[in-house]
Amino acid sequence: MLTILHPHLMKHVRDLHQGLCTIANDKEGTFFLIIKAPKECVLAAKAKQRIGFYLAPCRMGENTYYGLVTTYEDDELNPLMIITPLLDDEMGQSILHILSASSFDVHFFDDNNRELLGYKAQNPKYSQFDKNKYKLSPSNLEAAYKVRDRSYHWFINRAAQDDKEAIRVEFLEPLMPEELFILDAIPMTNVFQKGSGVSHTTLERTEPGSYQELDIVRLLQKVFGNDSIFLNPLRTDNDEEFVDILVASDEYLLLIQAKDSPNTEKSLSRKLERKIATVSKALDKAIDQTRGAVKYLRRNTELQFHFGEDVFEIDPQDKVIRNLIVVQETFDNEWESYSQRVLELGRKMGTPCYVIGYPDLVTWTAKLSTPEKFFELYDAIVEDGLEHDFFPRVTFNN
């Protein structure tokens, strides 16, 4: 277990937003492969006991560079994936080195830096892999984003032969227990408004709601002050939840409704159409809950809610009220439908609303380090959506 045996390496894990990185194992002259990914990817890797690697050719001018597409096979035709531009730097070279090795150690972390799995892996095609044939892109941001985008388009249009040529890395043996119950009693990670001093998580989740809500709180802590975040505040009139998460300050209120699905092998094995339908249904439910929360807020001159043993009173007057719906994931082909439903809600309620997939929220909270930056992007997206009846897709290039 990397977290216990090499705790000094956790800095590299925390610095990684999402994706792959390598860390040199100086004792053996090899590399650890670190994969930081959504829980669905990690569970798919565990269920299949393998991951896939595709070297995606990217034509740029007179040169062909390569991106690495790492797949987690929840669905044979449409697997979960993470794209890593291969740049001509130490990281790019070390990834090619790993792919040419017969075996290596791989460690899986989630978005909140918790180590969930670790394996000794073997590459049955290592002897066929010639790392010298892959030209790496110049190491700059512009080239990296071009490789990332072109690798994505290559992968979704790949041929059957590309699947046959992919590297399937098989897991030989676990490096840590595969069934973990992680108990977190570190005080500084549980300081949101009178939250419990102890929290826990697991990789497989049959009842997802409370786990996802707590994960969202941990993401929000990167942006907002701990004393402004309220998890599951209760209305004073009926003791029902006002919203899943409330972020409150003197200037604004952010009302968040969160929707997740079970993270089990059964749920991962569902066809893509079923997953799309599940997210759509969850969005409709979240829209209804958001509508109810806004109506409750407007019926009262003061927002009153229970939190622990205390009752909080917040004057919503002169505060900017924003709504955010967080779903498990979003699908490009359904984005217009998501946009129109959420924009309609915002128009009817007279308050901005936006929908975001959990993986996108991970990126937002990694890239936008202050409330001002977070809301600057939020407001720009909603304004553009109201003008064009369609939320723009966001890509971070920094």
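Quick summary incoming for the structure in this document. Being a predicted model, the structure only gives us computed values, none of them experimental.

Observations concerning the sheet that holds strand S5 (residues 80–85)
- On the basis of which strands lie adjacent, the open sheet formed by 8 strands has the order S1-S2-S6-S7-S8-S3-S4-S5 and mixed pairing. Single-partner strands in this sheet number two, and they are strand S1 (19–25) and S5. Averaged over all neighbouring strand pairs, the angle between strand axes comes to 30°, with direction disregarded.
- Direction of pairing for strand S2 (residues 30–36) relative to strand S6 (residues 103–109): parallel, over a ladder of 5 bridges.

With respect to the pattern of salt bridges
- Across all of its chains, the model carries 22 salt bridges by this definition.
- Measuring nitrogen to oxygen at the nearest pair gives 2.8 Å for the salt bridge that ties Asp110 to Arg114. In this structure, Asp110 and Arg114 share a single accessibility class: buried.
- Overlapping salt bridges, with partners in common, bring together Asp110, Arg114, Arg205 and Asp215 in one network.

Overview of the packing of aromatic side chains
- The full count for this structure, using the stated rule, is 23 aromatic pairs.
- When the ring of Tyr66 is compared with that of Tyr134, the centres are 4.8 Å apart and the planes differ by 85°; the resulting orientation is edge-to-face. Placement of Tyr66 in strand S4 (residues 63–72) and of Tyr134 in the loop between strand S7 (115–122) and helix H5 (141–156) is noted, with a sequence separation of 68 residues between them.
- Given a relative accessible area of 15%, Tyr66 falls into the buried group.
- Through pairs of rings, three or more aromatic residues link up here, namely Phe224, Tyr252, Trp335, Tyr338, Tyr354, Trp364, Phe374, Phe375, Tyr378 and Phe391.
- One residue, Arg158, lies across the ring of Phe155, its end atom 4.0 Å from the ring centre.

Remarks on the nonpolar core
- In terms of nonpolar packing, the biggest core is built from 63 residues, with Phe224, Leu246, Leu324, Tyr354, Trp364 and Phe374 touching the most fellow members.
- Sorting elements by how many residues they give to this core places helix H9 (residues 272–299) first, with 8 residues.
- Not counting residues within four places of it along the chain, the set of residues in contact with Trp364 comprises Tyr354, Ile356, Phe374, Leu377, Tyr378, Ile381 and Phe396.
- Counting residues in hydrophobic clusters, the runner-up holds 37 residues, among them Leu96, Val106, Leu117 and Val169.

Remarks on a positive patch on the surface
- There is a patch of like positive charges on the surface, built from Lys266, Arg274, Lys281 and Lys285.
- With 3 residues, the single largest contributor to the positive patch is H9.
- Here Lys285 shows up in helix H9.

About the cut-offs
- Residues numbered from 1 in each chain as written.
- Predicted model: local features only at pLDDT ≥ 70, side-chain atom pairs only at ≥ 80, totals over all residues.
- Heavy atoms only, no water.
- Pairing = 2+ DSSP bridges.
- Helix = DSSP H or I, 4+ residues; strand = E, 2+ residues; numbered from the N terminus.
- Axes fitted to C-alpha atoms, helices over the stretch in contact; angles between N-to-C directions.
- Salt bridge = Lys/Arg side-chain N within 4 Å of Asp/Glu carboxyl O.
- Buried < 20%, exposed > 50% of the residue type's maximum accessible area, 1.4 Å probe, protein only.
- Phe/Tyr/Trp six-rings, centres within 6.5 Å; stacked < 30°, edge-to-face > 60°.
- Lys NZ or Arg CZ within 6 Å of the ring centre and 35° of its normal.
- Core = buried A, V, L, I, M, F, W, Y, C linked by side-chain atoms within 4.5 Å.
- Contact = heavy atoms within 4.5 Å.
- Patch = residues over 30% accessible without salt bridge, like charges linked within 9 Å, V, L, I, M, F, W, Y side chains within 5 Å.
- Areas by Shrake-Rupley, 256 points an atom, 1.4 Å probe, with all protein chains shown as cover.
- Lys, Arg positive; Asp, Glu negative; His and termini not counted.
- Charge placed at Lys NZ, Arg CZ, Asp CG, Glu CD.

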